Amino acid sequence: MGWEIIYYNDALQKEIKALPAGIQARYIHLTERMCIYGANLGMPHTKAMKDGLFELRMKSQEGIGRVFYCTLVNKRIIMLHTFIKKTKKTPLKELNIAISRMKEVKANADT
């Protein structure tokens, strides 16, 4: 059984679908690999942030995109938050949104 990708909500799924074409293409390619090989593709594709939070790293001519995610038992990858990176360092606001959503998802997880 492969890995399953789940979205925090429909709005997030729409935001990801609205990413610039090059970033979206990288997202699709990387998530297809995640479904086969698991949540940790290693650098430069994925990076562990802290406390079970990870980031999916996408880069194209249009810029740099990030999607924060976490994992749950039974091979589930939960996409939590996306944004276009405009500064060298990840903005604390974006990180806090992802951490808050991860805590909510894990608190409500049914195994």
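My aim in this report is to walk through the structure given alongside it, one point at a time. (Residues numbered from 1 in each chain as written. Predicted model: local features only at pLDDT ≥ 70, side-chain atom pairs only at ≥ 80, totals over all residues. Heavy atoms only, no water.)

**Here's the deal with the overall build of the protein chain**
1) Next: Looking only at helices and strands, the protein chain features 3 helices and 5 strands.
2) Next: In summary, the protein chain has a C-alpha radius of gyration of 13 Å against a globular reference of 13 Å for 111 residues, a match within 12%.
3) Next: Along the three orthogonal principal directions, the C-alpha set of the protein chain runs to about 40 × 30 × 25 Å.
4) Next: When each of the 111 residues of the protein chain is scored for burial, the buried share is 40%.
5) Next: Put simply, of all contacts in the protein chain between residues at least 6 apart along the chain, 52% involve residues at least 24 apart. (Helix = DSSP H or I, 4+ residues; strand = E, 2+ residues; numbered from the N terminus. Rg over C-alpha atoms; globule rule 2.2 N^0.38 Å. Buried < 20%, exposed > 50% of the residue type's maximum accessible area, 1.4 Å probe, protein only. Contact = heavy atoms within 4.5 Å.)

**Concerning the state of the cysteines**
1) Next: Counted by the stated rule, this structure contains 0 disulfides.
2) Next: Free cysteine Cys-35: the closest other cysteine sulfur is in Cys-70, separated by 15 Å. (Disulfide = S-S within 2.5 Å.)

**Here we look at the pairing of strand β2 (residues 46-50)**
1) Next: In terms of strand pairing, β2 meets strand β3 (residues 53-60) through 4 bridges, oriented antiparallel. Note that in β3 the partner of Lys-47 across the bridge is Glu-55.
2) Next: In this structure, the hairpin formed by β2 and β3 is closed by a connection of 2 residues, where Asp-51 is found at a positive phi of approximately 55°. (Pairing = 2+ DSSP bridges.)

In short, geometric facts, not functional conclusions.
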